[in-house]
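Commentary on secondary and tertiary structure
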Amino acid sequence: MSDEAIAPSAGSEVESRAQVKARLAGLAFTLPAVGWILLFFAAPLAIMAAYSLMPLDSEGKPGPLSLAGYRAFFAESAYTAALWNSAVTTAVVVVVSTLLAYPFAYGIANILPRRWQRLALAMAILPFWTSYVVRSYAWLLALSPVGVINNLLLALHIVEHPLRLAYNPQATELGFVHFFIMLNALTIYANLVQINPHYALAARDLGASAWRCFLAVTLPLSIPGVAVGAFLTIVLCIGDFVTPQILGGFRGLLLPQVVMMQIQRQLNLPMASVMSLVLTLVVAIAYLGMQRWLRMARL
Amino acid sequence: MEPRSLARNLALRLTIAGLMGAALPLGVVSGAQAQGSLNVLTWCDHEDPTLLQPFEAANGVKINYKDISSTAQILAVLGQSKPGDWDVVVMDQTDTGRLAKMGLLAPLDAKDYPFADIPAEIANPKLSSFEGKLYTVPEKFGYNTVAFDKTAVSEGAMSDIQAPWDPKYKDRVAVYDYYVPEIQYVALALGKDPTAISDADLPAIKEKLAALKANAAMVGDVTPVQQALATGAVDILVGGGEWVTAGMAKDKPNLDYIIPKQGGIRWQQGLGVFAGSNNKSMATKFIQYILSPEGQGKLATSSCYWGMPANNKAVLTPEQKKILRWDDQPGYIKVSYPYLQMTPEMDQKLQALWAQVMQGK
Amino acid sequence: MRGRFALSRLGPIFGGFYMTACYVFIFLPVVVLVLFSFQGGNLPVPPFNGPSLRWYQAAFADGRLVDGFVNSLMVGGVSSALSVLIGFLGAYGIARYDFPGKGAMQAVIILPLAVSYLLIGMGLLVSASALGLGPSLWIVTAGHVVINMPLAFAICLAQLGEHQRRVEAAARDLGASTFRVLFSITAPMIAPALIAAFCLCFTFSWDETLIALLNTRFEVTLPVVILSLLRGGVNAETNAAGSFIFLCSILLMIVVELLLLRQRRR
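Definitions and cut-offs
Residues numbered from 1 in each chain as written. Chains lettered and ligands numbered in written order. Predicted model: local features only at pLDDT ≥ 70, side-chain atom pairs only at ≥ 80, totals over all residues. Contact = placed C-beta atoms within 7 Å. Helix = DSSP H or I, 4+ residues; strand = E, 2+ residues; numbered from the N terminus. Nonpolar A, V, L, I, M, F, W, Y, C, P; charged D, E, K, R; others polar. Axes fitted to C-alpha atoms, helices over the stretch in contact; angles between N-to-C directions. Parallel < 35°, antiparallel > 145°, perpendicular 65-115°, else oblique. Left-handed = near helix turned anticlockwise from the far one by under 90°. Expected span 1.5 Å × (residues − 1). Buried ≥ 20, exposed ≤ 12 C-beta atoms within 10 Å, placed from the backbone. Bend = angle between axes of the 7 residues up to and from the residue.

1. Side note on the interface of chain A and chain C
Facing the 73 residues of chain A at the interface are 78 residues of chain C. Counting residues per element, the side of chain A that touches chain C draws most heavily on helix α1 (residues 13–52) of chain A, which supplies 21 residues. Tallied by class, residues from the side of chain A that touches chain C come to 55 nonpolar, 14 polar and four charged.

2. Observations regarding the packing of helix α6 (residues 137–159) of chain C against helix α9 (residues 191–207) of chain C
All names here are of chain C. At their nearest, the axes of α6 and α9 sit 9 Å apart, and the two run at 155° to each other. With respect to their mutual orientation, α6 and α9 come out roughly antiparallel. For the element pair α6 and α9, the recorded crossing hand is right-handed. Contacts between α6 and α9 involve His-144, Ile-147, Asn-148, Leu-151, Ala-152, Ile-155, Cys-156 and Gln-159 on the former and, on the latter, Ala-193, Ala-196, Ala-197, Leu-200, Cys-201, Phe-204 and Ser-205. Taken together, the residues of the contact of α6 with α9 break down into 11 nonpolar, four polar and no charged.

3. Quick notes on helix α11 (residues 280–291) of chain B
For α11 of chain B, built from 12 residues, the straight-helix expectation of 16 Å at 1.5 Å per residue is met to within 8% by its first-to-last C-alpha distance of 16 Å. Here α11 of chain B has its buried residues at Met-282, Ala-283, Thr-284, Phe-286, Ile-287, Ile-290 and Leu-291 of chain B.

4. What to know about unusual backbone geometry
Residues other than glycine predominantly adopt negative phi, and peptide bonds predominantly adopt the trans conformation. A positive phi angle, near 60°, is found at Tyr-167 of chain A, a position not held by glycine. When you line up the elements, Tyr-167 of chain A lands in the loop between α6 (148–155) and α7 (169–192). Judged by C-beta crowding, with 28 C-beta atoms within 10 Å, Tyr-167 of chain A ranks as buried. Despite not being glycine, Arg-325 of chain B shows a phi value in the positive range, around 55°. Residue position: Arg-325 of chain B is located in the loop between α13 (318–323) and α14 (329–334). Using a count of 15 C-beta atoms within 10 Å as the deciding quantity, one classes Arg-325 of chain B as partly exposed.

5. Concerning α6 of chain C
Residues and elements named next belong to chain C. Between its first and last C-alpha atoms α6 spans 32 Å; for 23 residues at 1.5 Å apiece the expected length is 33 Å, and the two agree. Largest kink in α6: about 35°, centred on Asn-148, with the proline Pro-150 one to four residues after it. In terms of residue burial, α6 counts as a mostly covered element, since 20 of its 23 residues are buried.

6. As for the packing of helix α8 (residues 202–215) of chain B against helix α15 (residues 344–359) of chain B
All names here are of chain B. At their nearest, the axes of α8 and α15 sit 10 Å apart, and the two run at 35° to each other. The two elements α8 and α15 cross, and the hand of that crossing is right-handed. Taken together, the residues of α15 that come into contact with α8 (itself represented by Leu-202, Lys-206, Leu-209, Ala-210 and Lys-213) are Lys-349, Leu-353, Val-357 and Met-358. Its residues placed into classes, the contact of α8 with α15 shows six nonpolar, no polar and three charged.

Here it is in structure tokens:
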């Protein structure tokens, strides 16, 4: 059944007026949403793109339209290094959090009885209702030489002296993975519970082992959930400023940190715009690469 | 399940929520506009409620402040603001001349402030005046040298300025993220006069600074580096001083600082009034409050970082004075150099140098 | 057969062990946070000096924290309500009607989901600067609607299926106007989804730091206050603030659960 539920198709004048009225109604309902996005998202984006094409000259005044800002960005090794770091960190975070979240989501969906599943999910989400900033800060304390992790390692005699765990890219990745495990577990779970259990039953009836059944039936059907989670992770992780700022230690700056420095210290909005748009380009490339799996996902 | 009663319920709930949502902004906005306000650009040590509330209550004014951690940031914020947006500034006094020349500061009357109680070196007109007029009043000073964990490294080793570059401390060093004193400290380590840095010195400074960063575990602002030292994540903080160790002296008596035998850098903050301010009389009152003995005592022991008060009548307990090394100050002042008084061009060059080293690998 | 039996025995055991490990990992920073919010000394690190409420007192006495809390509530409430309203209307339009450009409009609505907050926040900052507008909480609210409305839209769209369509058609046959159908039939039928969308939007808005940081000056939201708290000294006041927020969130969740549960029983 198509979506044309309101207007009947045959062509008398009354009916086509009803059709027009239906179309206008549809537009009227959708217009606020589209209008808001155009006004507060698309238009600012266009202005930002314009800014990025008017880089500041040596006096700090915006110059004529040119690609000089982009050339300067790619010419400066510090900036491209930050871009690379962002890409690498995001990739690592996506892979690790997906790998860790999948068994977790699978456990909630298939091992726990139905009644407890919602509670299990709620418990998994609960810790993330502290403030994001405070959570990153709490990780910093937990990782410090006098923090709980080192205390545990020392108590178990795994190490002799406290390890320096914070202020490096790995600490940033840990902070990210902590959040994105939860996010990916949610999207994978949402997908897993939608999978018709009869498929798996049929496979088992036909003689497949539990492992084979998983690989051939459950896993492929859950790819859309994995893809949605991975894409959300990419979008949220690559643009994040707080976690690397608190945990990263200035070793290997990530691009959002460089953007904030441009805004707060050098007041160079055009260059900050250039950097933000380059970051978006990376996300767009990731989207194009993942399109096939994302389209399969039902929101 | 009756749709109608559900709908009414939902509608009622949404209406209440909407009304509450609409009422709150009105409440908050009208509350804020009832008092006057004073907008302050300041380092983080002026943000304690214990410091601000007595002034706010006595004068019926609300103090809005924005955190900055360098003069470059002050200029960046001013560039994004309109005249009249800001009233008071707390800044490195060595930049007084530069900001006064740009017409940003309003002249002050020396009679309004207790200069009689401020040591001569601190009240130096070179730092507070420009073309014969007073623009900033000194309020607090301290040192950017090297702070360290006594239980991890020895004081003797730290008395040599070259110590943080020693490979045996690799990944145990933190660098304070403020380009001015750090570049000067590096210049001092190269044997140059830190108050007379020229263009020719920059390549050598850049190389030495890069070597320091390579030996360091982290570079951070005021609080992150304090935290790193306090939690033992690093043992040495280049650019540290009493501002790092004094506030934590009770909890962390193992933290100490020293001025190396080659000398150190001295920071000094001053208060000024913006030329575009619409609230100059209240701004002046605020400066007087900060310079009063009570204000100076609270400022010296601020929760963000401690430092020596400019007014020697500041209200401090003997224990606090001991932590601040009150009696050693004349000696320290003699062996330390003030911040660099830069032209705008030199400032840009130093910022670029710092950015290149910090953002590079 | 034996292999299958062993696997089905071990599976839940390993699964349980792994899931426990995951929960420990997830809860670790929160436990540390709450524990050291009761720290007696100054530094929120071990050793733990006896439970003390001084940091909670400091947090409540801190006017900035309270202001930030109220501002976050306002921005969250208003932006979430707007997001759900506009998203619901938009989903209704897309799901029930056919008109030229429908596909393109849907793509436009969903677009912000694919873009990082940095871009949205920067876009608003640059535009406000270009138009001469100062930073303000209203800009932040607008930005939060941009990030949340696509979510509300997607949630509503997924729920507006065939079942509701038939009931709506019946109501219309009985003479109900479009608006009456919308608010008396459709909305109540997907009420759980609307509430879930509101809660999700509120959660995202509540915690959003970047757009708020870029677009506010003195009137700030809670995450920005906490960021500046972290810059203002090494003490456990942030811990107390974070723990309090956590507690509020738990209470909120319980309240919502009770509301939802009560609705279901009717």
